[in-house]
Amino acid sequence: MRPFSYRLILILPVLIFLTVRQAYVKPRSSALRPGAKLCAYVANSADGTISVVDLVNLNVRANVAVGPLPAGIRSHPTRKEIWGVSTQGGYVWVLDADSNQIVARIPVGASPYALNFSPDGTRAFVAASGSNVVVAIDCASRRIVASAKTGSAPAMARATPDGKTLLIVNFGDSTLQAFNTANFNSRFTVGVAGQPTDVAVLPDSSMAFVAAGGAAKISVVDLKRGILLENLPLPGRPDSLLLKPDGGELYVSVPEAHSISIINTAARELADSFVVGSAPDRGALSDDGAMLYIGDSSSGRILALDMPYRSLGNCAVSSGPSSCASVGNRPGALRLVPSGDLLLAVDEASNDVAVVRVRQQALQLITLIPVGNSPRDLAIKLF
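Bear in mind that the values here come from a model prediction, so they are computed numbers and not experimental data.

Conventions adopted
- Numbering of residues starts from 1 in every chain and runs along the sequence as written.
- In keeping with the model being predicted, local features are shown solely for residues with a pLDDT of at least 70 and side-chain atom pairs are shown and tallied solely at 80 or more, while totals for entire chains, interfaces and linings include all residues.
- Side-chain measures here rest on the full set of heavy atoms in the structure, leaving out hydrogens and waters.
- Each helix corresponds to a stretch of at least 4 residues labelled H or I by DSSP, and each strand to a stretch of at least 2 residues labelled E; elements are numbered beginning at the N terminus.
- Radius of gyration here is computed from C-alpha atoms only, and the compact-globule reference equals 2.2 Å multiplied by the residue count raised to the power 0.38.
- A 1.4 Å probe rolled over the protein chains alone gives each residue an accessible area, and that area as a share of the maximum for its type sets the label: buried under 20%, exposed over 50%, partly exposed in between.
- Contacts: residue pairs with any heavy atoms within 4.5 Å of one another.
- The charged-residue count follows a simple rule in which Lys and Arg add positive charge and Asp and Glu add negative charge, with His and chain termini not counted at all.
- Charge placement uses NZ in Lys and CZ in Arg. For Asp and Glu, CG and CD serve respectively.
- Side-chain rings of Phe, Tyr and Trp, where Trp is taken by its six-membered ring, are said to pair if the distance between their centres is within 6.5 Å; with planes under 30 degrees apart they count as stacked, over 60 as edge-to-face, and otherwise as tilted.
- The pLDDT value tells you how sure the predictor is about a given residue, anywhere from 0 up to 100.
- A strand pair is defined by DSSP finding two or more bridges across the two strands.
- Here an angle of 0 to 180 degrees is reported between the N-to-C directions of two axes, which are lines fitted to C-alpha atoms, with helices fitted over the stretch in contact.
- Among the buried residues, those of types Ala, Val, Leu, Ile, Met, Phe, Trp, Tyr and Cys that are joined through side-chain atoms within 4.5 Å form a nonpolar core.
- Salt bridge, as used here, is a side-chain nitrogen of Lys or Arg placed within 4 Å of a carboxyl oxygen of Asp or Glu.

Student: I'm lost on the overall build of the protein chain in this one. Help?
Tutor: Helix and strand counts for the protein chain stand at 1 helix and 32 strands. Taken against the 2.2 N^0.38 rule, which gives 21 Å for 383 residues, the C-alpha radius of gyration of the protein chain at 22 Å falls within 12% of a compact globule. Overall size of the protein chain, expressed as C-alpha extent along the three principal axes, is 85 × 50 × 30 Å. Out of the 383 residues in the protein chain, the part that is buried amounts to 53%. Excluding contacts between residues fewer than 6 apart, the proportion of contacts in the protein chain whose partners are at least 24 apart in sequence is 42%. Side chains of the protein chain give 34 positive and 29 negative charges; the mean places of these two sets differ by 6 Å.

Student: Looking at this model, I keep getting lost on the packing of aromatic side chains. Mind explaining?
Tutor: Each aromatic ring pair is specified by the distance between its two centres and by the angle formed by the two planes. For the structure shown, the criterion picks out 2 aromatic pairs. Between the aromatic rings of Trp83 and Phe117, the centroid separation amounts to 5.8 Å while the plane-to-plane angle is 80°, which identifies the pairing as edge-to-face. Residue Trp83 is located in strand β5 (residues 81–86), and its partner Phe117 is located in strand β8 (residues 112–117); the two are separated by 34 residues in the primary sequence.

Student: Hey, could you run me through the confidence of the model for the protein chain in this one?
Tutor: Low pLDDT means the predicted atomic positions in that stretch should not be read closely. Scored by pLDDT, the protein chain has a mean of 92; 90% of the residues are at 70 or more. Scored below 50 in pLDDT, residues 13–25 shows 4 contacts in the model against residues more than four places distant or in partner chains.

Student: Can you walk me through the sheet that holds strand β30 (residues 352–359) in this structure?
Tutor: Each strand in a sheet pairs with its neighbour through backbone hydrogen bonds, running either in the same direction (parallel) or in the opposite one (antiparallel). Spatial strand order, β28-β29-β30-β31: 4 strands in an open sheet with antiparallel pairing. Whereas interior strands pair on both sides, the edge strands pair on one side only; in this sheet they are β28 (331–336) and β31 (362–370). Direction aside, the axes of adjacent strands within the sheet are offset by 25° on average. For β30 and β31, the ladder comprises 8 bridges, and the chain directions are antiparallel. For Val356, the partnering residue across the bridge sits in β31 and is Leu365.

Student: Help me understand the side chain of Ser129 in this model?
Tutor: Here Ser129 is to be found in the loop between β9 (123–128) and β10 (133–138). Note on Ser129: relative accessible area 16%, which makes it buried. Setting aside residues up to four positions removed in sequence, Ser129 forms contacts with Ala110, Ser111, Pro112, Tyr113, Ala153 and Pro154.

Student: What exactly am I supposed to notice about unusual backbone geometry here?
Tutor: For residues other than glycine, phi is negative in most cases, and the peptide bonds are mostly trans. For Ala153, which is not glycine, the phi dihedral falls at a positive 50°. Tracing the backbone shows Ala153 in the loop between β11 (143–149) and β12 (154–159). Owing to a relative accessible area of 19%, Ala153 belongs among the buried residues under this scheme. Look at Ser205: it is not a glycine, yet its phi comes out positive at around 60°. The residue Ser205 is located in the loop between β16 (196–201) and β17 (207–212) in this model.

Student: It is not clear to me how the nonpolar core should be interpreted in this structure. Could you clarify?
Tutor: Generally speaking, nonpolar side chains in soluble globular proteins are found buried as a group. In terms of nonpolar packing, the biggest core is built from 18 residues, with Val53, Leu55, Leu344, Val353 and Val355 touching the most fellow members. When contributions to this core are tallied by element, the ones reaching two or more residues are β1 (38–44), β29 (342–347), β30, β31 and β32 (375–382). Grouped together as the second largest cluster of nonpolar side chains are 16 residues, Ile50, Val64, Ile73 and Ala97 included.

Student: It is not clear to me how the pairing of β11 should be interpreted in this structure. Could you clarify?
Tutor: In regular strands, side chains alternate between the two faces of the sheet. Judged from the 6 bridges that link them, β10 and β11 form a sheet pairing that is antiparallel. Each residue of the ladder has a partner; that of Asp138, found in β11, is Arg143. Here β10 hands over to β11 after 4 residues, with Arg142 in that stretch at a positive phi of 60°.

Student: What is the right way to read the sheet that holds strand β4 (residues 70–75) from this model?
Tutor: Within the open sheet, the 4 strands sit side by side as β4-β5-β6-β7. Their pairing is antiparallel. Sheet topology places β4 and β7 (101–107) at the edges, where each strand pairs with a single neighbour. On average, adjacent strands in this sheet sit at an angle of 20° to one another, irrespective of strand direction.

Student: Would you explain the pattern of salt bridges in this entry?
Tutor: Opposite charge on two side chains allows them to pair when their charged atoms are near. Evaluation of the coordinates by the stated rule reveals 12 salt bridges. With its nearest N and O atoms 2.4 Å apart, the salt bridge here joins Arg268 to Glu230. Of this pair, Arg268 sits in the loop between β22 (259–264) and β23 (269–275) while Glu230 sits in strand β19 (residues 227–233), placing them 38 residues apart in sequence. Classification of Arg268 by relative accessible area gives partly exposed; the value is 29%. Across the pair Arg310 and Glu249 runs a salt bridge whose closest N-O atoms are separated by 2.9 Å. Note that Arg310 is positioned in the loop between β26 (301–306) and β27 (324–326) and Glu249 in strand β21 (residues 249–254), a separation of 61 residues in sequence. If you follow the salt bridges from partner to partner, you end up with Arg74, Arg335 and Asp377 in one network.

What follows is the structure, given as structure tokens:
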């Protein structure tokens, strides 16, 4: 046998070992520093708990009871805390990330669904859909410091990037309200397309794009003048809104049309729409806006889309990284870790969270971690 053959026989086991090791080694985010913790917090709607998932050791560290129908889970931008709402309990809960203990429950009114922070993290804003009220909570004292009446069935409250205006999306009467955050005085109320559910705001706080859950439209509102500019038609009812970091494009998932619609925000027009999977639903956008990761709730996959080229890439790879990753029965909420090299997806049907390695368009499922019953939302905290 020639020397080359002997060398090949000696090297082949090493190559096999390295390949297997790369496939199964626990992922360590490049954002981690010595002593740092990286955790996911999964809201389990059926059993009223939060599953705390250690993303270094890939296991569940704790299951914390927070109250019936938890939702709106958010990682506080400056404090070691996770905030969320109990929709059925009518309160905001605060979880201390160091101890994994609930340290506050703050009544806010009937049926809150979402929670958002001010840009500086000093206040939390919550709209109570069943009480037609919005409240502002001081995050340090955990006390309500302002409140105001809203339109019918407010779905959410969101501050503009400049922190000066609070926007309320009223599902019941199809309006967008604006309040001055300094004194909670009303600025304007404008009608939008039917049954709005979400809003995206340009980085300069000049315009809002409102998703109409009851209509195949996006309403464009001038926030300086408080007027409706137009209702942009879509190929179907919008689901998720994902705004490119520079504000130039808005990506809208349209599950019933099997597509992603792209809105040119400067021209205020539908620039493109292309078919992606069976039912593209929730998504996550990379920090530079180049990659859009979208969950296909019908096929149980996550798709990696190169947005500058409007391409999906190769999904035909039988093993190893691919631009499509099978993650369970029905992937829901998606989140990228701060470094962008891991993607998480909760699955309400299979009661787990998928951990996926991300390298641009190359996705590789690392593991599925069982959590509580009917997980619907998640937040990620690096501390």
